[in-house]
Amino acid sequence: QIHFGPGNLRAEWPGATVCIGTFDGVHLGHRAVIGAAVARASASESPAILVTWDRHPAGVLAPDRCPPPIAGLEENLR
C-alpha cells in the first residue's frame, strides 16, 4: 500500500515497525535497512512502514547543498 501525507496514518498500526529515510535510489544498503525492518515486523506480526519524502530534505532546508536525485519517485516506489 502507498499512502501520501500524514493524514493517512492509521490507528490500527500502533505496533508497526517504522523505517524512516530519504531512500533516493533504493541501493543495497537501503534494501538491507528495509529488509531488517520487514523482518522485525514479521517476527512481531505487525506491519512494516517505510516513511520517505518525494524529494531530498536538503532541497527545502539547504537548496544550495542538495545532492542531485539518484532516482525519481516512480522508480523508488517500484
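This report concerns the structure included in the present document.

1. Considerations on the overall build of the protein
Logical step 1: Summing up its helical and strand segments, the protein has three helices and two strands in all.
Logical step 2: In sequence order, the secondary structure elements of the protein are arranged as β-α-β-α-α.
Logical step 3: Projected onto its principal axes, the C-alpha coordinates of the protein cover approximately 40 × 30 × 20 Å.
Logical step 4: Scored against the burial criterion, the 78 residues of the protein give a buried share of 21%.
Logical step 5: The long-range share in the protein, meaning contacts at least 24 apart out of those at least 6 apart in sequence, stands at 63%.
Logical step 6: Accessible surface, the protein as shown: approximately 6000 Å² in total, 58% of it carbon and sulfur.

2. Brief notes about a nonpolar patch on the surface
Logical step 1: The grouping of I2, F4, L73 and L77 at the surface amounts to a nonpolar patch, some 370 Å² of accessible area in total.
Logical step 2: Classification of L77 as partly exposed rests on a relative accessible area of 37%.

3. Examining the pairing of strand β1 (residues 17-20)
Logical step 1: The side-chain alternation of β1 yields one buried face, formed by T17 and C19, and one unburied face, formed by V18 and I20.
Logical step 2: Bridge count between β1 and strand β2 (residues 48-51): four bridges; the pairing is parallel. Residue pairing for β2: V18 is matched across the bridge by I49.
Logical step 3: With helix α1 (residues 28-43) bridging β1 and its parallel neighbour β2, the resulting β-α-β unit is right-handed.

4. Quick notes on the environment of P47
Logical step 1: Tracing the backbone shows P47 in the loop between α1 and β2.
Logical step 2: On a C-alpha basis, the gap between P47 and A36 in space is 13 Å, while along the polypeptide they are eleven residues apart.
Logical step 3: Look past the residues within four positions of P47 in its chain and what remains in contact with it is W13, A16, T17 and A41.

5. Observations concerning the side chain of D24
Logical step 1: Position of D24 relative to the elements: it lies in the loop between β1 and α1.
Logical step 2: Separated by 3.1 Å, the side chain of D24 and the backbone nitrogen of A71 make a polar contact.
Logical step 3: Leave out the neighbours within four places in its chain, and D24 touches H30, P68, P69, I70, A71 and N76.

6. A word on unusual backbone geometry
Excluding glycine, residues mostly carry a negative phi; peptide bonds, for their part, are mostly trans.
Logical step 1: Of note, the phi angle at F23 is positive, near 50 degrees, even though the residue is not glycine.
Logical step 2: Along the chain, F23 falls in the loop between β1 and α1.
Logical step 3: Residue classification places F23 among the buried residues on the basis of a relative accessible area of 7%.
Logical step 4: A positive phi angle, close to 55 degrees, is found at E45, a residue other than glycine.
Logical step 5: By the element assignment, E45 lies in the loop between α1 and β2.

Thresholds applied
- Residues numbered from 1 in each chain as written.
- Predicted model: local features only at pLDDT ≥ 70, side-chain atom pairs only at ≥ 80, totals over all residues.
- Heavy atoms only, no water.
- Helix = DSSP H or I, 4+ residues; strand = E, 2+ residues; numbered from the N terminus.
- Buried < 20%, exposed > 50% of the residue type's maximum accessible area, 1.4 Å probe, protein only.
- Contact = heavy atoms within 4.5 Å.
- Areas by Shrake-Rupley, 256 points an atom, 1.4 Å probe, with all protein chains shown as cover.
- Patch = residues over 30% accessible without salt bridge, like charges linked within 9 Å, V, L, I, M, F, W, Y side chains within 5 Å.
- Salt bridge = Lys/Arg side-chain N within 4 Å of Asp/Glu carboxyl O.
- Pairing = 2+ DSSP bridges.
- Right-handed = clockwise from strand over helix to strand, strands pointing away.
- Polar contact = N/O pair within 3.5 Å; in protein donor to acceptor, adjacent residues only side chain to side chain.

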